[in-house]
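Okay, here's what each chain looks like letter by letter:
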Amino acid sequence: MMVIPCYNEELVLHETTRQLTEVLEAIQSKKKIDDWSVVYVDDGSKDSTWSIIVSQSEADSHVHGIKLAHNVGHQFALWAGYEYAVGKADAVVSMDADLQHDIHSIEDMVDKYNEGYEVVYGVRNDRKTDGWIKKQTALGFYRLMQWMGVDIIKNHADYRLLGSHALEALVAYPERNLFIRGLVRTLGFRETEVYFDVKERFAGNSKYSMRKMLNFAVDGITSFSVQPLRLIAGLGVIIVLLALIAAIYVLVSYFMGRAVAGWSSLLLSIWFIGGVQLLSIGVLGEYIGKIYKETKRRPRYVVEKKI
Ligand code: UDP
Ligand code: MG
């Protein structure tokens, strides 16, 4: 079963279904899979995405659709698809709607699954098709994650195969701060990678705005790492040490009668300490925000219709 989140993807859906059908039929005819299906999760699109999904599912019983009542973002839409897929398939492959993930790798994933792997990561070979900004932000993101001690696979987005056991284990995670690629890594099933070349988006523009990307990165870090909290403590220690040195300097100056009204240094330290405190409180707030969200136990998404 394919799980594909779509947000305003009216320009690509026809082609996605056409190409997927071709590829999946080919895999089926080689007897590597018994049957296949495609689940599109319409993440509250404002264009004709849903009506395209409806007409496709009427024309072909392989196509299913879930319509979320409002836009909840890629991770939650994917989660909706995952929960839908539980118990309906032996294996689930998630990918983007825009055909950037080379669908010919699905066969490699299926091969790995048939060899006994429960989790197969699609890893991109290079970033040729990305713009400079996207490339640099992605690179920075992986470096930062690594430094923060978050275990993720470099250049793996959400193109992956999950066996039914892995899928069941995954959807049992109760958390609301979803960073799926990090969660999958913690499952501990037998896993492997397949490599693919990233293509140009088939049509339309990226639905991941800079803001969404930044949010995603912050979520990834704060839902998997307490490193920022430790950094505050470290910063605190350094500041205290600096303050001690400053105190010695001030005392010595005082007793030697050289204490002048140094309001510039005073002002500087006030600003500096104020900044550090604000920054620290901000980081703390991030975690408290997470706790707040988790304790509310809100549903991750709302399904409006299924077809
Ligand atoms: N997507 C979604 N909800 C959103 C944003 C994106 O379901 O709020 C879907 C989108 O339709 C696509 C996938 O997530 O299938 C990846 O998005 P996109 O291709 O725009 O991101 P990029 O490849 O530029 O990182
Ligand atoms: Mg894309």
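The present account deals with the structure reproduced in this document. (Residues numbered from 1 in each chain as written. Chains lettered and ligands numbered in written order. Predicted model: local features only at pLDDT ≥ 70, side-chain atom pairs only at ≥ 80, totals over all residues. Heavy atoms only, no water.)

**Quick notes on the pairing of strand S4 (residues 91-94)**
The cut-off we apply is this: Only protein chains enter the calculation, and the probe is 1.4 Å; a residue is then buried if its accessible area is under 20% of its type maximum, exposed if over 50%, and partly exposed in between. Going along the chain from the N terminus, every DSSP run of H or I of four or more residues is numbered as a helix, and every run of E of two or more is numbered as a strand. Being paired, for any two strands, means DSSP has found at least two bridges between them.
On S4, burial covers both faces: Ala91 and Val93 on one face and Val92 and Ser94 on the other are all buried. Sheet topology places strand S1 (residues 2-6) next to S4; 2 bridges connect them, and they run parallel. Counterpart to valine 3 in the pairing with S4 is serine 94.

**Section: the packing of aromatic side chains**
As a reminder, the rule being used: A pair of Phe, Tyr and Trp rings is counted when the ring centres sit within 6.5 Å of each other, with Trp represented by its six-membered ring. The angle between the planes then sorts it: under 30 degrees is stacked, over 60 is edge-to-face, the rest tilted. The criterion is that NZ of a Lys, or CZ of an Arg, lies within 6 Å of the ring centre and within 35 degrees of the ring normal, and then a charge sits over that ring.
Under the counting rule described, the total for this entry stands at 7 aromatic pairs. One aromatic cluster in this structure is built from Phe141, Tyr142, Phe179, Tyr208, Phe216 and Phe224. Here the basic side chain of lysine 88 rests over the ring of tyrosine 84, its NZ or CZ set 4.1 Å away from the ring centre.

**Considerations on the nonpolar core**
Counted only if it meets this: Side-chain atoms within 4.5 Å are what join buried Ala, Val, Leu, Ile, Met, Phe, Trp, Tyr and Cys residues into a set we call a nonpolar core.
With 35 residues, the main nonpolar core has Met2, Ile4, Leu20, Tyr40, Met95 and Ile106 as its most contacted residues. In terms of residue count, helix H1 (residues 13-29) provides more of this core than any other element does, 5 residues in total.

**Focus on unusual backbone geometry**
For lysine 31, which is not a glycine, the phi torsion comes out positive at approximately 65°. With respect to the element layout, lysine 31 can be found in the loop between H1 and strand S2 (38-42). With relative accessibility at 74%, the residue lysine 31 sits in the exposed group. Here the phi dihedral of leucine 99 falls at roughly 65°; this positive angle occurs in a residue that is not glycine. Inspection of the secondary structure puts leucine 99 in the loop between S4 and helix H4 (105-114).

**What about empty space enclosed by the protein?**
Rules: We place a 1 Å grid over just the protein atoms. Points where a 1.4 Å probe fits but has no way out form a cavity, open points with protein on both sides within 12 Å along at least 5 of 7 lines form a pocket, and any residue with an atom within 4 Å of a point lines it. Grid points are joined across faces, edges and corners, and a volume is the space filled by probe spheres set on the points. Polar here means any residue outside two lists: the nonpolar Ala, Val, Leu, Ile, Met, Phe, Trp, Tyr, Cys and Pro, and the charged Asp, Glu, Lys and Arg; Gly therefore counts as polar.
In total, this model carries 1 cavity of 30 Å³ or more according to the counting rule given. In this structure, the largest cavity occupies an estimated 30 Å³ of space. In terms of lining, the largest cavity is formed by His101, Arg124, Asn155, Ala157, Phe196 and Val198. Looking at the lining of the largest cavity residue by residue, the class counts come to 3 nonpolar, 2 polar and 1 charged.

**As for the site of ligand 1**
Test applied: Proximity is defined per residue: any heavy atom of the residue falling within 4 Å of a molecule or strand makes that residue near it. Identification of polar contacts relies on pairs of N or O atoms within 3.5 Å, with a donor-acceptor requirement for protein atoms, meaning one able to donate a hydrogen and the other able to accept it, and with residues adjacent in sequence counted only if both atoms are side-chain atoms. For every accessible area listed, the method is Shrake-Rupley and the probe measures 1.4 Å; residues are considered covered only by the protein chains on display. Molecules are considered to sit inside a cavity or pocket once more than half of their atoms lie within 2 Å of its grid points.
Taken together, 18 residues form the shell around ligand 1, and within it Glu9, Asp43, Asp98, Ser206 and Lys207 come nearest. The contact in question runs from a nitrogen atom of ligand 1 to an N or O atom on the backbone of histidine 74, over 3.4 Å. One of the side-chain N or O atoms of lysine 134 is found 2.9 Å from an oxygen atom in ligand 1. Look at ligand 1: alone it shows 530 Å² of surface, and the protein chains cover 93% of it. In this structure the site holding ligand 1 corresponds to the largest pocket. Here the residues of the shell around ligand 1 sort into 5 nonpolar, 5 polar and 8 charged.

**Looking at helix H2 (residues 49-59)**
Formally: Should any heavy atoms of two residues lie within 4.5 Å, those residues are considered in contact.
Restricting attention to buried positions, one finds in H2 the residues Thr49, Trp50, Ile52, Ile53, Val54, Gln56 and Ser57. The elements touched by buried residues of H2 are S1, H1, S2, strand S3 (63-68) and strand S8 (303-306).

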